[in-house]
Amino acid sequence: MAEVVIVSDRVAAGELVAAEIARLVRGRADVVLGLATGSTPLPVYAAAKRALAGVDVSHVRGFALDEYVGLDPQHPQSYRSVIAREVVEPLGLDPARVHVPDGASARIETAGEEYDRAIAIAGGVDLQLLGIGTDGHIGFNEPGSSFASRTRVKTLTRQTREDNARFFASIDEVPRHCITQGLGTILEARHLVLLAFGEAKADAIAGAVEGPVTASLPGSAIQLHPHVTVVVDEAAASRLRWAEYYRETYAHKPSWQGL
Ligand code: F6R
């Protein structure tokens, strides 16, 4: 099952996950990081900037989860721009080693296949950061996504477009389509780290961690993976039936076990 770590706030979550990223990079220079966008991973990136200070990151590689289709790649809210601004620049990564699915590709039908191939050639993702949508999506795998799905074009739900309207002038500006790593692609990463903060994510987290494994709640796919860490604040953990057990387990975790 997933290890569930309930932390006091998003800063503590960021520090915990950033320490693991720094440990990986110190151990192997060419670590492959799976990068998420949205608000959730920002504390991880902020803490990683500190944790990686003085560490050689010139060989680190990164693959973003998803991108909007039909949004100018130069738009400040394209995930290409977000990854450059929030990850590549502050962490000092080599931009040539950090990849985002090409939502502007003239061959969008095959762009997903090429992206999966690039991940495979890089040796697969070592640590995949994930947020979760209020409708339970991970990546942009909306409800109904196949657990075997690969990187491909998807249609965003109205709920996701409403949630993401805060990054745009209005909901009408939020693209309807995206290109996202599939659930099958995500499940191939060696370690999944799912983060969530705030009451609005409590139902999605309870469903993903403790609900039935169902395509209706794509985040529940994490239950099929052998190495998952779920890092949540008290509000996002508030509907977890086994919260006390998770707290006790983490408090008594053997020191030889990493994250
Ligand atoms: C972003 C992504 C999405 C977000 C999710 C939560 O790359 O894949 O699954 O993680 O929509 O978004 P925030 O973090 O903004 O609440």
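Residues numbered from 1 in each chain as written. Predicted model: local features only at pLDDT ≥ 70, side-chain atom pairs only at ≥ 80, totals over all residues. Heavy atoms only, no water.

*Asks:* Please explain the packing of aromatic side chains as it appears in this structure.
*Replies:* Aromatic ring pairs are defined here through the distance separating the ring centres and the angle between the ring planes. Following the criterion strictly, the structure yields 6 aromatic pairs and no others. Between F63 and Y115 the ring centres are 5.7 Å apart and the planes differ by 80°, which places this aromatic pair in the edge-to-face class. Of the two residues, F63 sits in strand β3 (residues 61-64) while Y115 sits in helix α4 (residues 108-121), which places them 52 residues apart along the sequence. The burial state of F63 is the same as that of Y115; both residues are buried. Plain terms: the ring middles of Y68 and F168 are 5.7 Å apart, the flat faces sit at 80° to each other, and that makes the pair edge-to-face. Here Y68, found in strand β4 (residues 66-69), pairs with F168, found in the loop between α5 (158-164) and β8 (177-180); they are 100 residues apart in sequence, far enough to count as distant. (Phe/Tyr/Trp six-rings, centres within 6.5 Å; stacked < 30°, edge-to-face > 60°. Helix = DSSP H or I, 4+ residues; strand = E, 2+ residues; numbered from the N terminus. Buried < 20%, exposed > 50% of the residue type's maximum accessible area, 1.4 Å probe, protein only.)

*Asks:* What am I meant to see in the site of the ligand here?
*Replies:* T37, T40, D66, H137 and G139 are the nearest of the 14 residues found near the ligand. Between the ligand and D66, the relevant distance is 2.6 Å, taken from an oxygen atom to a side-chain nitrogen or oxygen of the residue. Computed on the free molecule, the ligand has an accessible area of 400 Å², of which 94% lies beneath the protein chains in the complex. Taken together, the residues that form the shell around the ligand break down as 3 nonpolar, 8 polar and 3 charged. (Near = heavy atom within 4 Å. Polar contact = N/O pair within 3.5 Å; in protein donor to acceptor, adjacent residues only side chain to side chain. Areas by Shrake-Rupley, 256 points an atom, 1.4 Å probe, with all protein chains shown as cover. Nonpolar A, V, L, I, M, F, W, Y, C, P; charged D, E, K, R; others polar.)

*Asks:* Honestly, the environment of W242 in this entry has me stumped. Any pointers?
*Replies:* Relative to the elements of secondary structure, W242 occurs in the loop between β10 (228-233) and α8 (243-251). Distance in space between the C-alpha atoms of W242 and V4 is 9.6 Å, their sequence separation being 238 residues.

*Asks:* In this structure, what is going on with the packing of helix α1 (residues 10-27) against helix α2 (residues 42-51)? I would like to understand it.
*Replies:* Helix packing for two helices is described by the angle between their axes and how far apart those axes are. Viewed as axis vectors pointing N to C, α1 and α2 meet at an angle of 50°, and their least axial separation amounts to 7 Å. The orientation of α1 relative to α2 falls into the category oblique. Taken as a pair, α1 and α2 cross one another with a handedness that is right-handed. In this structure, α1 uses R10, G14, E15, V17, A18, I21, A22 and R26 to contact α2, whose residues at the interface are P43, V44, A47, A48, R50 and A51. For the contact of α1 with α2, the residue count by class is 9 nonpolar, 1 polar and 4 charged. (Axes fitted to C-alpha atoms, helices over the stretch in contact; angles between N-to-C directions. Parallel < 35°, antiparallel > 145°, perpendicular 65-115°, else oblique. Left-handed = near helix turned anticlockwise from the far one by under 90°. Contact = heavy atoms within 4.5 Å.)

*Asks:* In this structure, what is going on with the packing of α2 against helix α3 (residues 79-91)? I would like to understand it.
*Replies:* The contact between α2 and α3 brings their axes to 9 Å, and the two run at 10°. Taken together, α2 and α3 sit at an angle that is classed as roughly parallel. Listed contacts from α3 to L42, Y45, A48 and K49 of α2 are E86, V87, P90 and L91. Class assignment for the residues of the contact of α2 with α3 results in 6 nonpolar, no polar and 2 charged.

*Asks:* Looking at this structure, I do not really get the pattern of salt bridges. What am I missing?
*Replies:* The full count for this structure, using the stated rule, is 18 salt bridges. Residue E113 is joined to R117 by a salt bridge in which the shortest nitrogen-to-oxygen separation is 3.7 Å. Remark: R117 and E113 occur in helix α4; sequence separation between them is 4 residues, near one turn of the helix. On the basis of relative accessibility, which here comes to 45%, the residue R117 falls in the partly exposed class. The network of salt bridges with shared partners includes R28, D30, R61, D126 and R190. (Salt bridge = Lys/Arg side-chain N within 4 Å of Asp/Glu carboxyl O.)

*Asks:* Just to check I follow, could you spell out α3 for this structure?
*Replies:* The periodicity of an α-helix, 3.6 residues per turn, causes residues three or four places apart in sequence to face the same way. R85 marks the point of greatest bend in α3, at about 30°. Turning to α3, its buried residues are Y79, S81, V82, I83, V87, V88 and L91. Residues of α3 that are buried make contact with β2 (32-35), α2, β3, β4, β5 (98-99) and α5. Positioned one or two residues after α3, G92 has a phi angle of 70°, which is positive. (Bend = angle between axes of the 7 residues up to and from the residue.)

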